[in-house]
Amino acid sequence: ELARRIFRRIGVAEAKVHGVPLETVHFHEVGALDSIVDIVGAAAGLVHLGPEEVLCTPLPLAHGMVKTANGHYPLPATVEFLKGCPVVDGACDRELVTPTGAAIAAEIATFAPLPAMQLTASGYGVGGRDLQDRPNVLRGLLGRQSDPQSADLDRVTVLETHLDAASPERLGALQ
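Residues numbered from 1 in each chain as written. Predicted model: local features only at pLDDT ≥ 70, side-chain atom pairs only at ≥ 80, totals over all residues. Heavy atoms only, no water.

*Asks:* What should I look at first to understand the overall build of the protein in this one?
*Replies:* From N to C terminus, the protein includes six helices and eight strands. In the protein, the succession of α and β elements from N to C terminus is α-α-β-β-β-β-α-β-α-β-β-β-α-α. In the protein, buried positions account for 23% of the 175 residues. A separation of at least 24 residues holds for 65% of the contacts in the protein among residues at least 6 apart in sequence. Accessible area for the protein stands at about 12,500 Å²; split by element, carbon and sulfur atoms hold 55% of it. (Helix = DSSP H or I, 4+ residues; strand = E, 2+ residues; numbered from the N terminus. Buried < 20%, exposed > 50% of the residue type's maximum accessible area, 1.4 Å probe, protein only. Contact = heavy atoms within 4.5 Å. Areas by Shrake-Rupley, 256 points an atom, 1.4 Å probe, with all protein chains shown as cover.)

This is the structure in structure tokens:
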């Protein structure tokens, strides 16, 4: 069901970008095997993990163009997927968020800053393109959210001392 929702999101965006009805959309690039594996794999992984919530920080948008079967475009489908989602300047002229990645994030995630949490696991996915100024990786973090206000309430600090032989003069100064 989740994979179907992601594919539908892709179809709706592609239909809008190309100005055709949804029923006539042909998944020429997003239908590539790696995109199908990404979408179905992400959906299966999320169903397996069963997180209460998936959070995503704002995604970086690039300034460049991407070559598609229809020519060079300024990432039209990616931007369409991310309408209503927070984005940041990626300061790069290469694609930083793939259309598939944008569709998955937009469908499954709530966009928010990284919350205070107890980290239980992390993982990295490495992209196939070498970028000059940054690693081409996607990092996933798994954890339990904690309220920073209540986190301090669970801590107890005990200070002890023996005052048996202390003089009253010193105790007064101590107080």
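*Asks:* Is there a simple way to explain the packing of helix 1 (residues 2-18) against helix 2 (residues 33-49) in this structure?
*Replies:* Helix-helix packing is described using two parameters, namely the angle between the two axes and the distance between the axes. Relative orientation of the contacting elements helix 1 and helix 2 amounts to 140°, with a least axis distance of 8 Å. In terms of their interaxial angle, helix 1 and helix 2 are classed as oblique. Like other packed secondary-structure pairs, helix 1 and helix 2 cross with a definite hand, here right-handed. Across the interface between the two elements, Leu2, Ala3, Ile6, Phe7 and Ile10 from helix 1 touch Ile36, Ile39, Val40, Ala43 and Leu46 from helix 2. The residue inventory of the contact of helix 1 with helix 2, partitioned by class, reads 10 nonpolar, no polar and no charged. (Axes fitted to C-alpha atoms, helices over the stretch in contact; angles between N-to-C directions. Parallel < 35°, antiparallel > 145°, perpendicular 65-115°, else oblique. Left-handed = near helix turned anticlockwise from the far one by under 90°. Nonpolar A, V, L, I, M, F, W, Y, C, P; charged D, E, K, R; others polar.)

*Asks:* I'm lost on the nonpolar core in this one. Help?
*Replies:* If you look at soluble globular proteins, the nonpolar side chains tend to sit buried side by side. Core analysis: the biggest nonpolar cluster contains 21 residues, and Ile6, Ile10, Ile39, Cys56, Leu59, Phe81 and Phe111 have the highest contact counts within it. Contributing elements (two or more residues each) for this core: helix 1, helix 2 and helix 4 (99-108). If near-sequence neighbours (up to four positions away) are discounted, Ile39 is found in contact with Ala3, Ile6, Phe7, Ile10, Thr100 and Ile104. (Core = buried A, V, L, I, M, F, W, Y, C linked by side-chain atoms within 4.5 Å.)

*Asks:* Even after reading the chapter, I still don't get the environment of Gly90, so can you show me in this structure?
*Replies:* Within the secondary structure layout, Gly90 lies in the loop between strand 5 (87-89) and helix 4. Classification of Gly90 by relative accessible area gives buried; the value is 4%. Remark: the alpha-carbon pair of Gly90 and His63, spanning 27 residues in sequence, is separated by 7.8 Å. With residues up to four places along the chain from it excluded, the contact list for Gly90 reads Pro60, Leu61, Leu96 and Arg134.

*Asks:* Sorry, what's going on with the environment of Ala105 here?
*Replies:* Mapped onto the elements, Ala105 comes out in helix 4. Overall, Ala105 belongs to the buried group, its relative accessible area being 11%. Considered as a pair, Ala105 and Cys56 are 49 residues apart in the sequence and their alpha carbons are 7.2 Å apart. Setting aside its immediate chain neighbours within four residues, Ala105 contacts Cys56, Leu59 and Phe111.

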